[in-house]
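Residue-level structure breakdown
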Amino acid sequence: MNTVTRLGLALSAVLLTAGCAGLPASTTTTAPVGDNRPATSAPAAPTTTEPAPSPTPTNNGVAALGETYLWTDGLAVTVSKPSPYKPSEYAAGADEFKQSVVFDITIVNNTGGTWDPGMFQATVQSANQEGSRIFDSSNNLGEPSTKLLNGREATFKLAFGVADPADIVMEVTPDWDHQSAMFHN
């Protein structure tokens, strides 16, 4: 092994070790929104004079599906409750299970800097079995690739083949700098 290869392996080990520490986080049922969220046609909710409650910090890294997981640096991920999903004829990864579900994922970047979704990863376990990620460009599934400026958000869909839609645990890893979060139903 030459010196350059050894240095590369050592640097990779340092980066992986540093990334494993991750940033602490909390959960909330009140998701933050980015300044690029499209306007809705519904009337605005009435405002109150009471401040919104602060998310309670947690050390266990767990949130329910439908809730938002908020890291202390301002990155927030919301994973919807699962909905039934019908893969297109061109979908890959849908053959292993009889049932498929889709999730709406929203990421809000309030970190103060640009956030890159290039390392975002989500996996699913259902009824003690690893779920199968479904790739289906015909139905617009997949993570964004454009970096998020501070204050902006991205929304996308991910689908999985599962053994039991009533028993799902999703692990979300935003990148190497953030601890993974576990979402469950």
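The notes below deal with the structure included here.

Cut-off values and rules
Residues numbered from 1 in each chain as written. Predicted model: local features only at pLDDT ≥ 70, side-chain atom pairs only at ≥ 80, totals over all residues. Heavy atoms only, no water. Core = buried A, V, L, I, M, F, W, Y, C linked by side-chain atoms within 4.5 Å. Buried < 20%, exposed > 50% of the residue type's maximum accessible area, 1.4 Å probe, protein only. Helix = DSSP H or I, 4+ residues; strand = E, 2+ residues; numbered from the N terminus. Contact = heavy atoms within 4.5 Å. Lys, Arg positive; Asp, Glu negative; His and termini not counted. Salt bridge = Lys/Arg side-chain N within 4 Å of Asp/Glu carboxyl O. Polar contact = N/O pair within 3.5 Å; in protein donor to acceptor, adjacent residues only side chain to side chain. Phe/Tyr/Trp six-rings, centres within 6.5 Å; stacked < 30°, edge-to-face > 60°. Pairing = 2+ DSSP bridges.

Notes on the nonpolar core
In this structure, Val-79, Phe-103, Ile-105, Ile-107, Phe-120, Met-170 and Phe-183 are the most contacted members of the largest nonpolar core, which totals 26 residues. For this core, the secondary-structure elements that each account for two or more residues are strand E4 (68–71), strand E5 (75–79), strand E7 (99–109), strand E8 (121–126), strand E11 (153–162), strand E12 (168–173) and strand E13 (181–184). Broken down by element, the residue count for this core peaks at five residues, all from E11. Among residues more than four places away in sequence, those in contact with Phe-183 are Ala-63, Ala-64, Leu-65, Glu-67, Tyr-69, Val-77, Val-79, Ile-168, Val-169, Met-170 and Val-172. Core analysis: the second largest hydrophobic core is formed by seven residues, Ala-94, Ile-134, Leu-141 and Ala-159 among them.

Quick look at the environment of Pro-84
Looking at the element boundaries, Pro-84 is found in strand E6 (residues 83–84). For Pro-84, a relative accessible area of 77% translates into the label exposed. Placed 19 residues apart in sequence, Pro-84 and Phe-103 show a C-alpha to C-alpha distance of 9.2 Å.

A word on the side chain of Asp-136
Within the secondary structure, Asp-136 is located in the loop between strand E10 (132–134) and E11. Of the side chains bearing the opposite charge, Lys-86 lies closest to the buried Asp-136, which forms no salt bridge; the N-O distance is 9.3 Å. At a separation of 2.6 Å, a polar atom in the side chain of Asp-136 contacts the side chain of Ser-88. A distance of 2.9 Å separates a polar atom in the side chain of Asp-136 from a polar atom in the side chain of Asn-139. Not counting residues within four places of it along the chain, the set of residues in contact with Asp-136 comprises Tyr-85, Pro-87, Ser-88, Ala-91 and Leu-141.

Digging into unusual backbone geometry
If you check the backbone angles, Ala-127 has positive phi at about 50 degrees while not being a glycine. Take Ala-127: it is sitting in the loop between E8 and strand E9 (129–130). In this structure Ala-127 comes out as partly exposed when scored by relative accessible area, which is 29%.

Describing the packing of aromatic side chains
Geometry of an aromatic ring pair is reported as the spacing of the ring centres plus the angle between the planes. Under the counting rule described, the total for this entry stands at four aromatic pairs. Relative to Trp-71, the ring of Tyr-69 lies with its centre 4.7 Å away and its plane at 70 degrees, an arrangement referred to as edge-to-face. The same class applies to Tyr-69 as to Trp-71, namely buried. Taking the centre distance of 6.2 Å and the plane angle of 70 degrees together, the rings of Phe-103 and Phe-160 count as edge-to-face. Within this pair, whereas Phe-103 is found in strand E7, its partner Phe-160 is found in strand E11, the two being separated by 57 residues in sequence. Under the relative-accessibility criterion, Phe-103 is labelled buried at 0%. Here Phe-160 falls in the buried class, since its relative accessible area comes to 1%.

What to know about the pairing of E11
Regular strands show a simple pattern: their side chains alternate between the two faces of the sheet. Counted residue by residue, E11 has eight buried out of ten residues, so it is predominantly covered. When E10 meets E11, the two strands line up antiparallel, connected through three bridges. Bridge pairing in E11 places Ile-134 opposite Ala-159.

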